[in-house]
Amino acid sequence: MKKVLVIYYTQSGQLNEAVRATLAPFENSADVSIHYENIKPVIPFPFPWRYMEFCEVFPETVTGVTCELHPFSFNADENYDLIIIAYQSWFLSISIPINSFLKTEEAKKVMKNKPVVTIIACRSMWLKSQEKIKIHLKEIKANLVGNITFVDRAPNLISIVTVLAFVLSGERGKFLGIFPKYGVSEEDLKEAPKYGEIVLKHLKTGAYSDQQKELLDAGAVHIKSNLMLLEGRGSAMFPIYAGFILKKGNSGDSNRRGRVRSFGILLPIGMLILSPIITIVSRMAPLFASKKIKSEMEYYSQNSLRE
Ligand SMILES: Cc1cc2nc3c(=O)[nH]c(=O)nc-3n(C[C@H](O)[C@H](O)[C@H](O)COP(=O)(O)O)c2cc1C
């Protein structure tokens with residue numbers, strides 16, 4: 001019997017849908033047992049969010065401040081054959097609940113020397129959060145052997161509008177009747193069991209060296225060059241602005257409200273201005289930096305950390 005531990009957190013259920021669709025082949029396999037661990041913060045994050053609440057978590061998310069979690073139902077001494085970490089990006093970082101899990105003693109214990117597969121369901125910008133996952137896993141001596149991503153396929157400017165409409169209203173319908181529905185599409189969920197089959201095959205043999213290549217060939221990883229460039233800009237600027245806010249106080253401190261508010265104004269303006277510029281640059285970039293872009297996309301498609 002192969003034992004699998006699935007760690008996940010979801011607000012709307014979107015991530016859970018992606019996980020269940022991916023792991024459908026596991027459920028049908030008699031020689032696999034799965035323990036699902038739903039990570040629960042002691043003080044739940046709001047959903048839907050008010051815009052200020054959404055901006056308020058920015059500094060702590062980016063700088064990796066943890067939150068308190070309810071006790072886990074899995075046994076950290078259990079010898080799992082595979083750990084699956086299913087998470088969403090928040091502000092180009094790991095969402096606070098999953099980041100908090102990764103920093104617990106239980107996570108360190110249960111994941112040490114174990115193969116780990118990540119399943120990400122987010123808007124479309126996950127490259128830098130996955131780099132943080134790689135760093136964490138390296139620190140706790142776990143082996144990242146696979147990554148599967150589910151993203152919103154709409155153009156960047158459209159999904160910026162629809163993700164905000166979604167997290168601020170809690171509704172995933174067509175915003176204003178004209179925008180496409182936010183999130184992971186039904187079509188992409190239909191593809192998910194294919195990725196699960198690949199992971200299941202490797203779980204059964206215990207040999208994972210070809211797994212990520214097979215996942216890539218099956219279309220399990222979504223990277224766009226314009227978003228890669230945009231994430232590069234964002235991830236350079238976010239820690240600076242997070243530090244600027246934190247200088248005025250920690251979460252909930254009214255002294256930092258002005259700076260959080262200014263972030264709330266600058267974020268959409270920055271995205272709306274930078275996004276089209278970077279899209280044009282990324283369209284032209286193959287003319288002068290095609291090798292660099294290709295090698296960066298290859299880097300983010302695989303699971304090891306840059307030297
Ligand atoms: C505070 C916050 C920040 C977010 N930042 C990002 C981001 O940087 N990149 C991204 O692709 N999606 C981002 N999203 C969208 C989430 O990754 C995810 O798609 C959405 O929250 C739904 O996930 P869930 O309901 O399964 O938790 C963010 C969402 C929230 C609430």
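Here we summarise the structure given alongside this text. Everything numeric in this text was worked out from a predicted model, so none of it was measured.

About the criteria used
- Residues numbered from 1 in each chain as written.
- Predicted model: local features only at pLDDT ≥ 70, side-chain atom pairs only at ≥ 80, totals over all residues.
- Heavy atoms only, no water.
- Buried < 20%, exposed > 50% of the residue type's maximum accessible area, 1.4 Å probe, protein only.
- Helix = DSSP H or I, 4+ residues; strand = E, 2+ residues; numbered from the N terminus.
- Arc of directions from axis to C-beta.
- Near = heavy atom within 4 Å.
- Polar contact = N/O pair within 3.5 Å; in protein donor to acceptor, adjacent residues only side chain to side chain.
- Areas by Shrake-Rupley, 256 points an atom, 1.4 Å probe, with all protein chains shown as cover.
- Axes fitted to C-alpha atoms, helices over the stretch in contact; angles between N-to-C directions.
- Parallel < 35°, antiparallel > 145°, perpendicular 65-115°, else oblique.
- Contact = heavy atoms within 4.5 Å.
- Nonpolar A, V, L, I, M, F, W, Y, C, P; charged D, E, K, R; others polar.
- Phe/Tyr/Trp six-rings, centres within 6.5 Å; stacked < 30°, edge-to-face > 60°.
- Lys NZ or Arg CZ within 6 Å of the ring centre and 35° of its normal.
- Pairing = 2+ DSSP bridges.
- Core = buried A, V, L, I, M, F, W, Y, C linked by side-chain atoms within 4.5 Å.
- Patch = residues over 30% accessible without salt bridge, like charges linked within 9 Å, V, L, I, M, F, W, Y side chains within 5 Å.
- Salt bridge = Lys/Arg side-chain N within 4 Å of Asp/Glu carboxyl O.
- Left-handed = near helix turned anticlockwise from the far one by under 90°.

The next point concerns helix H1 (residues 14–22). Taken together, the buried positions of H1 are Gln14, Leu15, Ala18, Val19, Ala21 and Thr22. Buried positions in H1, seen along its axis, are confined to an arc of 165 degrees and lie on one side of it.

Okay, the site of the ligand next. Neighbouring the ligand are 20 residues; Thr10, Ser12, Ser89, Leu92 and Tyr182 lie closest to it. Between the ligand and the protein, one listed contact pairs an oxygen atom with a backbone N or O atom of Ser124 at 2.8 Å. Contact with the protein chains removes 96% of the 620 Å² of surface that the ligand exposes when unbound. Contributing elements (two or more residues each) for the shell around the ligand: H1, strand S4 (89–90) and helix H8 (156–169).

On to the packing of H1 against helix H9 (residues 186–205). Orientation of H1 relative to H9, taken along the N-to-C sense of each, is 50 degrees, at an axis distance of 7 Å. As the angle between them shows, H1 and H9 are arranged oblique. Note on element contacts: H9 touches H1 through Leu189, Ala192, Pro193, Tyr195 and Gly196, opposite Glu17, Ala18, Ala21 and Thr22. The residue inventory of the contact of H1 with H9, partitioned by class, reads six nonpolar, two polar and one charged.

Let us look at the packing of aromatic side chains. One pass over the full model with this rule turns up 24 aromatic pairs. Between Tyr241 and Phe244, the ring centres sit 5.2 Å apart and the planes meet at 65 degrees, which makes this aromatic pair edge-to-face. Of this pair, Tyr241 and Phe244 both sit in helix H11 (residues 225–246), three residues apart, which is roughly one turn of the helix. The cationic tip of Arg20 hangs over the ring face of Tyr36; the distance from NZ or CZ to the ring centre is 3.7 Å. Positioned over the ring face of Tyr299 is Arg306, at 4.1 Å from the centre of the ring.

A word on the sheet that holds strand S1 (residues 2–8). Spatial ordering of the open sheet is given by S2-S1-S3-S6-S7, a layout of five strands whose pairing is parallel. Across the chains shown, the open sheet's two edge strands, defined by having one partner strand only, are strand S2 (32–38) and strand S7 (143–150). Going across the sheet, the axis of each strand differs from the next one's by a mean of 20 degrees, ignoring polarity. As paired elements, strand S6 (residues 115–121) and S7 share seven bridges and run parallel to each other. By the bridge assignment, Ile119 is partnered in S7 with Ile148. Across the sheet, H1 lies against S1, S2, strand S3 (82–87), S6 and S7, angled at about 130 degrees from S6, the strand it touches most.

A word on the nonpolar core. Counting residues in hydrophobic clusters, the biggest one holds 63 residues, and the most contacted among them are Ile85, Phe101 and Met111. The dominant element in this core, judged by the number of residues it contributes, is helix H12 (residues 257–301), at eight residues. Not counting residues up to four positions away in its chain, the partners in contact with Ile85 are Ile7, Ile98, Phe101, Leu102, Met111, Val116, Val117, Thr118 and Ile119. Listed in part, the 31 residues of the second largest apolar core include Ala21, Ala86, Val117 and Leu189.

A cluster of nonpolar side chains, Ile265, Ile269, Ile273, Ile277, Ile280, Val281, Met284, Leu287 and Phe288, forms an exposed patch at the surface whose accessible area comes to about 940 Å². If you trace the backbone, Val281 turns up in helix H12. Val281 gets classed as partly exposed once you look at its relative accessible area, which sits at 37%.

One way to put it is that H11 packs onto H12 with a least axis distance of 4 Å and a crossing angle of 140 degrees. Taken together, H11 and H12 sit at an angle that is classed as oblique. Helix-helix and strand crossings are classified by hand; for H11 and H12 the assignment is right-handed. Along the lines of polarity and charge, the residues of the contact of H11 with H12 split into 18 nonpolar, six polar and three charged.

Time to look at the side chain of His136. Tracing the backbone shows His136 in helix H7 (residues 127–139). On the basis of relative accessible area, His136 is assigned to the buried category, the value being 10%. Setting aside residues up to four positions removed in sequence, His136 forms contacts with Ile94, Asn99, Leu102 and Lys103.

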